[in-house]
Amino acid sequence: MKYFPFFLQLEKLPCLIVGGGSVAERKLDLLIKASADITIVSVDFTDYILELAKTNNIKCIAQEYSEELLEGNKYKFVISATNNLALNQQVAKDCDTHNIIVNVVDQPEICDFIFPSILERGDITIAVSTGGASPVLARVLRTKLETMVPSSYGKLAEIVSANRVKVRKKMKKFSSNKIFWEQMLNGKFVELVLSGKSTEAELFLEQQIDRFDEDVANQGEVYLVGAGPGDPDLLTFKALRLMQQADIALYDRLVHPSIVDLIRRDATKIYVGKERDNHVVRQEEINQLLVKYAKEGKKVLRLKGGDPFIFGRGGEEIETLADEKIAFQVVPGITSASGCSTYSGIPLTHRDYAQSCIFVTGHLKEGKLELNWEKLIQPNQTIVFYMGLVSIDIICTQLVANGLDPKTPCALIQQGTTNTQKEYISTLSDMPSLVRERKPKAPTIFIIGGVVSLRDKLNWYSTSAED
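Because the structure is a prediction, the values reported are computed rather than measured.

(A) Up close: the overall build of the protein chain. Along the protein chain, the regular secondary structure elements total 18 helices and 19 strands. Relative to its length of 467 residues, the protein chain is extended, with a C-alpha radius of gyration of 30 Å against a globular reference of 23 Å. Reported as C-alpha extents along the three principal axes, the dimensions of the protein chain are approximately 90 × 60 × 40 Å. Sequence-distant contacts in the protein chain: of pairs separated by 6 or more residues, those separated by 24 or more amount to 64%. Of the roughly 25,300 Å² of accessible surface on the protein chain, a fraction of 51% belongs to carbon and sulfur atoms. Taking the 55 positively charged and 59 negatively charged side chains of the protein chain as two groups, their mean positions are separated by 4 Å.

Below, the structure written as structure tokens:
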């Protein structure tokens, strides 16, 4: 993060603008709207600036800029808004000497702060910044946000603001306030406001305040959420919503860091990742942690890579919750087999190649992989092994030994759907040696069957990943 975003109260805060031309005009409107105490120094001023100065109590100093203006720490911040690069650089240097933060228009490399592109909806202000890299891109993003955030959100903020104190006074527990507003801002109340039914929305809100049961609301709950195979764009809307509501989040090794970043910022995040022969937290301990935090009244997020009900041990976790009579929700995720095969251009089923698909775990137990190998080998069937990298030799050897053609095409997909995805394409007989030679990195999905032959034709996703 190059610039830390924060919103500053500018009312009556003294600032100096160096420059009285069109560049300065672009900054002036925003500062006037924020009620800043504005002084402008310039030899000449545009008619627009002079007009604004009359109606908004702006001080205009008709002289050339000099460092003396900064003495005495009269100004809290300075904006250098001229077309003179040398002057802008001098202003930045002088501000540094006097410990005054400065913005130099169109020269982000010498700025202490920058102006974002702003979207306003009443009391709601959304600021978009590219760190000075591209103001035009920031404006494009703001335009996109304008279509997503209707103007009625300003009215929504107004109603919420008018009722905040009333809600806070009614609640006996500190946590109840947050829970109440989370419920209101994710349901009927919002829909009423956005559809223009403000009076009806306010009446509904009053009813909900009166009916709100703190004891029920403060009961703990667990959200068992599938994070998908890696690409954060593959999260479901419900997954993202619950990730933003959690007080505590337990996440494992297969959850991509970019997805962990989407968990509510002030939630407590606990890594419970499990690698082969290295369980940071044992499964039984994870189950008990979910119980413990839920019984403390927390909203607990259990975030698991892929889908929690496909080789994710999600069933074991909610079985414990059910035994303890703890409320829970389960949100499915895109399972790794589907995500990785799709991003590799390998359909798991195809009318000409495979009419069935089977998912199998390749996880070793005491160095062995006990499977019904004969039943895995069926005509026109795709076999997908989860966690099969370590057991790749056993898988290939056993499938060939039980009758599968050694020339059957197969694909090992490394870290699928992410920017480090890489595919290793081979045949059943040659894949083990390819793995020893290229040393792919976990997590991987191993796909076996005729559908792999379509990969070159259907491959659409590319990354810069290297061996």
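(B) Layout of unusual backbone geometry. Put simply, Ala442 and Pro443 share a cis peptide bond, and its omega is 0°. Within the secondary structure layout, Pro443 lies in the loop between helix 17 (431–438) and strand 19 (444–448). Of note in the backbone geometry, Asn57 takes a positive phi value of approximately 55° without being a glycine. You will see that Gln415, though not glycine, has its phi angle at about 45°, which is positive. On the secondary structure map, Gln415 appears in the loop between strand 17 (409–414) and strand 18 (422–427). Gln415 sits in the buried class, given a relative accessible area of 17%.

(C) Local environment of the side chain of Arg302. The residue Arg302 is located in strand 13 (residues 299–304) in this model. Judged by its relative accessible area of 0%, Arg302 is buried. Side-chain polar atoms of Arg302 contact the backbone oxygen of Leu250, separated by 3.5 Å. For Arg302, the residues in contact, after removing those within four places along its chain, are Tyr223, Leu224, Val225, Leu250, Tyr251, Asp252, Val272, Ile286, Leu290 and Glu317.

Criteria and thresholds
Residues numbered from 1 in each chain as written. Predicted model: local features only at pLDDT ≥ 70, side-chain atom pairs only at ≥ 80, totals over all residues. Heavy atoms only, no water. Helix = DSSP H or I, 4+ residues; strand = E, 2+ residues; numbered from the N terminus. Rg over C-alpha atoms; globule rule 2.2 N^0.38 Å. Contact = heavy atoms within 4.5 Å. Areas by Shrake-Rupley, 256 points an atom, 1.4 Å probe, with all protein chains shown as cover. Lys, Arg positive; Asp, Glu negative; His and termini not counted. Charge placed at Lys NZ, Arg CZ, Asp CG, Glu CD. Buried < 20%, exposed > 50% of the residue type's maximum accessible area, 1.4 Å probe, protein only. Polar contact = N/O pair within 3.5 Å; in protein donor to acceptor, adjacent residues only side chain to side chain.

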